[in-house]
Amino acid sequence: MADFDLNVLEHELGHSIFRFWDLYQHGAPINHTAIYDLMGDGMSADKNLFLWHRWLWDWVSDSQIHCIQEKGITRHFISPLSRNDNLIKGVVLQRSKNSGVVIENRSSGIILYSIDLS
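Read on for an overview of the structure.

A separate point is the sheet that holds strand β3 (residues 99-106). Here 4 strands make up an open sheet; going across it, the order is β1-β2-β3-β4 and the pairing mixed. Among the strands making up the open sheet, the edge pair consists of β1 (65-68) and β4 (109-116). Across the sheet, the mean angle separating the axes of adjacent strands is 20° when strand polarity is ignored. In terms of strand pairing, β3 meets β4 through 8 bridges, oriented antiparallel. Bridge pairing links R106 to G109 in β4.

Structure (structure tokens):
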């Protein structure tokens, strides 16, 4: 092993320990997840995981995520993911039986991403 890269090691541990998938497509010209999630490319200095990953492993409680299934206008205060508190950390907008959009607050601003609910 020529160079030891802690970022790549952490990314690979995400696969082996937590069963997280890669969030990038090999050969794609742009990787939009690289700066937001450790599983985005393994090279990012940002050691964060998406709220969705954190929820899947119970690192964020159900009470910290608002789920919206019906059309209409709602308002939500979303506490930054980096803040250690018990406030709402994200909102999931269910688009269909098998898809949704997650909204979360990062120090860089609000981010949205789609998820597969199946």
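On to the pattern of salt bridges, then. A complete count under the given rule lists 2 salt bridges for this structure. A salt bridge links D85 to K89; the nearest nitrogen and oxygen atoms lie 2.8 Å apart. With respect to class, D85 is no different from K89; both count as buried. Across the pair E104 and R106 runs a salt bridge whose closest N-O atoms are separated by 2.7 Å.

Before going further, it helps to examine a nonpolar patch on the surface. A surface patch of nonpolar side chains, amounting to about 240 Å² of accessible area, comprises L9, L13 and I17. You can see I17 is positioned in helix α1 (residues 6-18).

Taken as a whole, the largest pocket spans an internal volume of roughly 620 Å³. Residue assignment for the lining of the largest pocket shows that the elements contributing at least two residues are α2 (51-56) and β4. For the lining of the largest pocket, a count of residues per class yields 11 nonpolar, 4 polar and 3 charged. Taken as a whole, the second largest pocket encloses approximately 180 Å³ of empty space.

Turning next to the environment of M39. Structurally, M39 is set in the loop between α1 and α2. The class of M39 is buried, set by a relative accessible area of 0%. Contact partners of M39, with chain neighbours within four places excluded, come to H11, G14, H15, F20, W21, D22, L23, Y24, L49 and H53.

Calculation notes
- Residues numbered from 1 in each chain as written.
- Predicted model: local features only at pLDDT ≥ 70, side-chain atom pairs only at ≥ 80, totals over all residues.
- Heavy atoms only, no water.
- Pairing = 2+ DSSP bridges.
- Helix = DSSP H or I, 4+ residues; strand = E, 2+ residues; numbered from the N terminus.
- Axes fitted to C-alpha atoms, helices over the stretch in contact; angles between N-to-C directions.
- Salt bridge = Lys/Arg side-chain N within 4 Å of Asp/Glu carboxyl O.
- Buried < 20%, exposed > 50% of the residue type's maximum accessible area, 1.4 Å probe, protein only.
- Patch = residues over 30% accessible without salt bridge, like charges linked within 9 Å, V, L, I, M, F, W, Y side chains within 5 Å.
- Areas by Shrake-Rupley, 256 points an atom, 1.4 Å probe, with all protein chains shown as cover.
- 1 Å grid on protein atoms, 1.4 Å probe; cavity = no way out; pocket = protein on both sides within 12 Å on 5 of 7 lines; lining within 4 Å.
- Points joined across faces, edges and corners; volume = space filled by probe spheres on them.
- Nonpolar A, V, L, I, M, F, W, Y, C, P; charged D, E, K, R; others polar.
- Contact = heavy atoms within 4.5 Å.

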